[in-house]
Amino acid sequence: DAKTTQPPSMDCAEGRAANLPCNHSTISGNEYVYWYRQIHSQGPQYIIHGLKNNETNEMASLIITEDRKSSTLILPHATLRDTAVYYCIVRAGGGAQKLVFGQGTRLTINP
Amino acid sequence: DTAVSQTPKYLVTQMGNDKSIKCEQNLGHDTMYWYKQDSKKFLKIMFSYNNKELIINETVPNRFSPKSPDKAHLNLHINSLELGDSAVYFCASSQGHPNTEAFFGQGTRLTVV
């Protein structure tokens, strides 16, 4: 699985959009970009994933660059409950594949 | 209903003991996993089972033995517990189709004293 690089920490004001970047310059053509988050003391939670098109769901939007070497997770209106560690993971398609977690970005939403 | 449930949530035991952690999923998934999160907060996969068959074993010591009696359950048995086994263990499940997400349990915090 391709390696990802994320900033170790970020801050965002409550109510503003939180934009979390991820670099995955060695991504292969069949690898997807997945985002998970882990709120303190809880299990990781799936957020969103995509291959090359931008994706949006009720939680977030995922913007993938045209060359697929980087992506941005957008939480449009961050709340205090969005404070968590966010993980960007690249993996090939297939439900039985393992998830390789990096250090992630610790996002703090400030009131 | 909890999708992926683990028991117990907390486990404190002495070195050398044998303990088990149980995991059950009610999502109808065919693949289950065990992950370990150490004190530095790194999450690493340990095992994966697909339809009760072991498909991933990430060089975990033989003291760790997963058992999957059916697709909905994946238990983790640990023999001769060591201090370094102290961690949070997460169970997860997914459906073995392409591009599906994994659902995680709430974790079992194991402390070996």
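Here the structure is shown first, and the text comes after it.
Residues numbered from 1 in each chain as written. Chains lettered and ligands numbered in written order. Predicted model: local features only at pLDDT ≥ 70, side-chain atom pairs only at ≥ 80, totals over all residues. Heavy atoms only, no water.

Participant: Any details on the interface of chain A and chain B? Residues and values, ideally.
Facilitator: It is common to give the size of an interface as the accessible area that goes away when the parts come together. Taken residue by residue, the interface counts 22 residues in chain A and 25 residues in chain B. The contact between chain A and chain B buries some 1,700 Å² in all, and 52% of this surface belongs to carbon and sulfur atoms. Run the count over chain A and chain B and you get one salt bridge. Among the ionic pairs, Lys-98 of chain A bridges to Glu-58 of chain B, the shortest N-O distance being 3.0 Å. At the boundary of chain A and chain B, one finds four residue pairs in polar contact (both at pLDDT 80 or more). Elements represented by at least two residues in the side of chain A that touches chain B include exactly β3 (31-38), β4 (45-50) and β8 (84-92) of chain A. Counting residues per element, the side of chain A that touches chain B draws most heavily on β3 of chain A, at four residues. For the side of chain A that touches chain B, the per-class residue count stands at nine nonpolar, eleven polar and two charged. (Contact = heavy atoms within 4.5 Å. Buried area = accessible area lost by both parts, 1.4 Å probe. Salt bridge = Lys/Arg side-chain N within 4 Å of Asp/Glu carboxyl O. Polar contact = N/O pair within 3.5 Å; in protein donor to acceptor, adjacent residues only side chain to side chain. Helix = DSSP H or I, 4+ residues; strand = E, 2+ residues; numbered from the N terminus. Nonpolar A, V, L, I, M, F, W, Y, C, P; charged D, E, K, R; others polar.)

Participant: How would you summarise the sheet that holds strand β6 (residues 61-64) of chain A if you had to cite specific residues and measurements?
Facilitator: Residues and elements named next belong to chain A. Sheet architecture is open: four strands sit in the order β2-β7-β6-β5, paired in antiparallel fashion. Where the open sheet ends on each side, the last strands, each with one partner, are β2 (18-23) and β5 (55-56). Judged from the two bridges that link them, β5 and β6 form a sheet pairing that is antiparallel. Within β6, the position partnered with Glu-55 by the bridge is Leu-62. (Pairing = 2+ DSSP bridges.)

Participant: Outline the state of the cysteines, listing residues and values.
Facilitator: Under the criterion given, the structure shown has two disulfides over all chains. The partner cysteine of Cys-22 of chain A in its disulfide is Cys-88 of chain A, sulfur to sulfur 2.1 Å. On the S-S bond that ties Cys-22 of chain A to Cys-88 of chain A, the torsion sits near -80 degrees, and the link is left-handed. Of the two residues, Cys-22 of chain A is situated in strand β2 and Cys-88 of chain A in strand β8; the sequence distance between them amounts to 66 residues. One exposure class covers both Cys-22 of chain A and Cys-88 of chain A, and it is buried. Across a sulfur-sulfur distance of 1.9 Å, Cys-23 of chain B and Cys-91 of chain B are joined as a disulfide pair. On the sign convention where negative is left-handed, the bridge of Cys-23 of chain B and Cys-91 of chain B, at about -80 degrees about the S-S bond, is left-handed. Placement of the pair is Cys-23 of chain B in strand β3 (residues 19-25) and Cys-91 of chain B in strand β9 (residues 87-94), with a sequence separation of 68 residues. Of all cysteine sulfurs, the one in Cys-22 of chain A lies closest to Cys-12 of chain A, which takes part in no disulfide; the gap is 18 Å. (Disulfide = S-S within 2.5 Å. Buried < 20%, exposed > 50% of the residue type's maximum accessible area, 1.4 Å probe, protein only.)

Participant: Quick rundown of the sheet that holds strand β1 (residues 4-7) of chain B? Include the residues and the values.
Facilitator: All names here are of chain B. Here we have four strands laid out as an open sheet, ordered β1-β3-β8-β7, and antiparallel in their pairing. Each of the sheet's edge strands pairs with one partner strand only, and the pair in question is β1 and β7 (64-70). Mean inter-strand twist for the sheet, computed between neighbouring axes without regard to direction, equals 20 degrees. One ladder, built from four bridges, connects β3 with strand β8 (residues 73-78); its direction is antiparallel. Looking across to β8, one finds that Ile-21 is bridged to Leu-76. (Axes fitted to C-alpha atoms, helices over the stretch in contact; angles between N-to-C directions.)

Participant: Which residues make up the environment of Tyr-89 of chain B, and what values go with them?
Facilitator: Residue and element names in this part refer to chain B. Structurally, Tyr-89 can be placed in strand β9. Under the relative-accessibility criterion, Tyr-89 is labelled buried at 0%. A C-alpha to C-alpha distance of 14 Å links Tyr-89 and Phe-103, two positions 14 residues apart in sequence. Excluding residues that lie within four positions of it along the chain, Tyr-89 makes contacts with Gln-6, Ile-21, Trp-34, Tyr-35, Lys-36, Met-46, Phe-64, Leu-76, Gly-107, Thr-108 and Leu-110. Reaching out from Tyr-89, the side chain makes a polar contact with the backbone oxygen of Asp-85 at a distance of 2.6 Å.

Participant: I'd like a description of unusual backbone geometry, backed by residues and values.
Facilitator: Across the junction of Thr-7 of chain B and Pro-8 of chain B, the peptide omega takes the value -5 degrees, indicating a cis bond. Relative to the assigned elements, Pro-8 of chain B resides in the loop between β1 and β2 (10-13). Phi is positive for Ser-41 of chain A, which is not a glycine, with a value near 70 degrees. With respect to the element layout, Ser-41 of chain A can be found in the loop between β3 and β4. Residue class for Ser-41 of chain A comes out partly exposed when judged on its relative accessible area of 48%. With phi around 75 degrees, Lys-41 of chain B is a residue other than glycine that occupies positive phi space. With respect to the helices and strands, the residue Lys-41 of chain B is situated in the loop between β4 (31-37) and β5 (43-50).

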